[in-house]
Amino acid sequence: MCSKISKVAIYGRVIHEEFYPYFKQMLHDLNERGVCLTCYRPFYDFLKEKCDVSDVFQAFYDEDVDKDTDVLFSVGGDGTFLDSVMRVKSYGVPELGINSGRLGFLANIAQEEISQAIRWLCAGEFDVEQRALVKFEMKDNPFAKFNYALNEISILKTERSSLLKVHAYIEGEYLTTYWSDGVIVATPTGSTAYSLSCGGPIVAFGCDNLIITPHNSFVGDGNNERMFDVIYNNLKDWIKVESRSGNFMLSADSRMQRMSDNHELFISSSDFKMNVVKMPDHSYYETLRNKLNWGEDKRNKKDRS
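The sections below set out a description of the structure shown in this document. (Residues numbered from 1 in each chain as written. Predicted model: local features only at pLDDT ≥ 70, side-chain atom pairs only at ≥ 80, totals over all residues. Heavy atoms only, no water.)

1. Things to note about the pattern of salt bridges
Line of reasoning, step 1. Tallying each qualifying case throughout the model produces 14 salt bridges.
Line of reasoning, step 2. Its salt-bridge partner being arginine 87, residue glutamate 63 comes within 3.4 Å of it at the nearest N-O pair. In this pair, glutamate 63 sits in the loop between strand 3 (59–61) and strand 4 (71–76) while arginine 87 sits in helix 3 (residues 78–88), placing the two residues 24 residues apart along the sequence.
Line of reasoning, step 3. Under the relative-accessibility criterion, glutamate 63 is labelled partly exposed at 40%.
Line of reasoning, step 4. Taking relative accessible area as the criterion, arginine 87 reaches 11% and is therefore assigned buried.
Line of reasoning, step 5. Glutamate 129 is the partner of arginine 131 in a salt bridge, and the nearest nitrogen-oxygen pair spans 3.2 Å.
Line of reasoning, step 6. Among the charged side chains, a network of salt bridges with common partners joins Lys135, Glu137, Lys236 and Asp271. (Salt bridge = Lys/Arg side-chain N within 4 Å of Asp/Glu carboxyl O. Helix = DSSP H or I, 4+ residues; strand = E, 2+ residues; numbered from the N terminus. Buried < 20%, exposed > 50% of the residue type's maximum accessible area, 1.4 Å probe, protein only.)

As structure tokens, this is what we get:
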């Protein structure tokens, strides 16, 4: 278990009107317990106009959260949670995902669970899980300010362009060339996201692996493009792209940039990990079952030991 919290940062983009009462109650519960509240300024500007929020915030931030913040509340969905990672960087500030919509893997605190979550936080009755990020390096990196991603790095073809040729090397040794619409390099956290939709494996978040998943891969004569999925920790992946259009799209979680083919990417596990708040009654495997509808077979509905 962790220490009681006394300072919380709030991050978000927009929230829907039906969530306003839950959000106001969340601020009330935190304020009632004497928690110091700071807010991402663009989000506060939205709240002030749409949500009639009273002056409960002691400070605001435009970029990074204060390093002495106990917990960052990400309010929204999984996309908002991924954006919020850039606000904590390598500071070690734990994040809690408040879901203002449907069930999410990262934003996994539902509306009706918020008050209980705050009680646990203020009592110090919570744990912190560490999540690996993927790091990417290249010349003239457009994401140099934060060249990490929590879910995945994606190399994708541009609109209407032909298949990409993505040459992959592990520690300088040639692995294979993927003829595909793109290639995803995912973390264990991201293995349940875009990578999974393209046929990639689910990897438990406690593992220090990266997953290579081709997107709409073309399989030629005797050429099985799915022959290698997982890169072990501390191994560096080198990727070179060839395209008929001369460019490709590079995506780091929710950030995207068009790149020319002369850019080579060096991808590896990050040199730090992100901290995510885990509540006592939340289970990663239960979330998998609920989100992916595992075990819907009625034979699995019997009591389990």
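2. Overview of the pairing of strand 8 (residues 152–156)
Line of reasoning, step 1. Among the five residues that make up strand 8, five are buried, leaving the element largely enclosed by the rest of the structure.
Line of reasoning, step 2. Neither face of strand 8 is left uncovered, since the one carrying Glu152, Ser154 and Leu156 and the one carrying Ile153 and Ile155 both have all their residues buried.
Line of reasoning, step 3. Pairing analysis gives four bridges linking strand 8 to strand 15 (residues 247–252), with the strands arranged antiparallel. Bridging from a neighbouring strand, isoleucine 155 pairs with leucine 250 of strand 15. (Pairing = 2+ DSSP bridges.)

3. Brief notes about the nonpolar core
Line of reasoning, step 1. Counting 44 residues, the largest nonpolar core has Ile10, Phe23, Met26, Leu47, Phe57 and Phe73 as the members making the most contacts within it.
Line of reasoning, step 2. Counting only elements with at least two residues in this core, the list comes to strand 1 (7–12), helix 1 (20–32), strand 2 (36–40), helix 2 (41–50), strand 4, strand 5 (95–99) and helix 4 (114–123).
Line of reasoning, step 3. If sequence neighbours within four positions are ignored, phenylalanine 73 has contacts with Val8, Ala9, Ile10, Tyr11, Met26, Leu30, Leu96, Ile98, Ile118 and Leu121.
Line of reasoning, step 4. Judged by nonpolar contacts, the second largest core, of 25 residues, contains Tyr178, Leu210, Val241 and Ala252. (Core = buried A, V, L, I, M, F, W, Y, C linked by side-chain atoms within 4.5 Å. Contact = heavy atoms within 4.5 Å.)

4. A word on helix 4
For an α-helix, the turn length of 3.6 residues means that residues three or four places apart are oriented alike.
Line of reasoning, step 1. If you check which residues of helix 4 are buried, you get Ile114, Ala117, Ile118, Trp120, Leu121 and Cys122.
Line of reasoning, step 2. Turning to helix 4, the residues buried within the fold contact helix 1, strand 4, strand 5 and strand 17 (264–278).
Line of reasoning, step 3. Taken from the residues just after helix 4, glycine 124 is the one with a positive phi, measuring 75°.

5. Some details on the packing of helix 1 against helix 4
A pair of packed helices can be characterised by two numbers: the angle between their axes and the separation between those axes.
Line of reasoning, step 1. Where helix 1 meets helix 4, the closest approach of the two axes is 10 Å, and the angle between their N-to-C directions is 20°. Judged by the inter-axis angle, helix 1 sits roughly parallel to helix 4. For the crossing formed where helix 1 meets helix 4, the hand is right-handed. Contacts between helix 1 and helix 4 involve Tyr22, Gln25, Met26, Asp29 and Leu30 from the former and Ile114, Ser115 and Ile118 from the latter.
Line of reasoning, step 2. When the residues that make up the contact of helix 1 with helix 4 are grouped by side-chain class, the tally is five nonpolar, two polar and one charged. (Axes fitted to C-alpha atoms, helices over the stretch in contact; angles between N-to-C directions. Parallel < 35°, antiparallel > 145°, perpendicular 65-115°, else oblique. Left-handed = near helix turned anticlockwise from the far one by under 90°. Nonpolar A, V, L, I, M, F, W, Y, C, P; charged D, E, K, R; others polar.)

6. Notes on unusual backbone geometry
Keep in mind that most residues, glycine aside, have a negative phi and that most peptide bonds are trans.
Line of reasoning, step 1. The backbone of aspartate 140 sits at a positive phi, close to 55°, despite the residue not being glycine.
Line of reasoning, step 2. Residue placement: aspartate 140 occurs in the loop between strand 6 (127–137) and strand 7 (148–149).
Line of reasoning, step 3. One non-glycine residue with positive phi stands out, namely glutamate 171, at about 50°.

7. Remarks on the state of the cysteines
Line of reasoning, step 1. Per the stated rule, a full pass over the model turns up zero disulfides.
Line of reasoning, step 2. Looking at cysteine 51, it has no disulfide partner, and the nearest cysteine sulfur is the one in cysteine 39, 11 Å off. (Disulfide = S-S within 2.5 Å.)

8. Section: the environment of glutamate 152
Line of reasoning, step 1. Looking at the element boundaries, glutamate 152 is found in strand 8.
Line of reasoning, step 2. Distance from glutamate 152 to aspartate 253, taken between C-alpha atoms, is 5.7 Å for residues 101 residues apart in sequence.
Line of reasoning, step 3. Other than its neighbours up to four places away in sequence, glutamate 152 contacts Val134, Ile184, Val185, Ala186, Gly190, Ala193, Tyr194, Ser251, Ala252 and Asp253.

9. Brief notes about the environment of alanine 204
Line of reasoning, step 1. Looking at the secondary structure, you find alanine 204 in the loop between helix 5 (194–197) and strand 12 (210–215).
Line of reasoning, step 2. Under the relative-accessibility criterion, alanine 204 is labelled partly exposed at 29%.
Line of reasoning, step 3. Expressed as a C-alpha distance, the spacing of alanine 204 and aspartate 127, which sit 77 residues apart in the sequence, is 17 Å.
Line of reasoning, step 4. When sequence neighbours within four positions are dropped, the list of residues in contact with alanine 204 reads Pro188, Tyr284 and Tyr285.

10. With respect to the pairing of strand 6
Line of reasoning, step 1. Examined bridge by bridge, strand 6 and strand 17 share 10 bridges and lie antiparallel to one another. Within strand 17, the residue paired with phenylalanine 136 across the bridge is isoleucine 267.
Line of reasoning, step 2. Judged from the two bridges that link them, strand 6 and strand 7 form a sheet pairing that is antiparallel. By the bridge assignment for strand 7, lysine 135 is matched with tyrosine 148.

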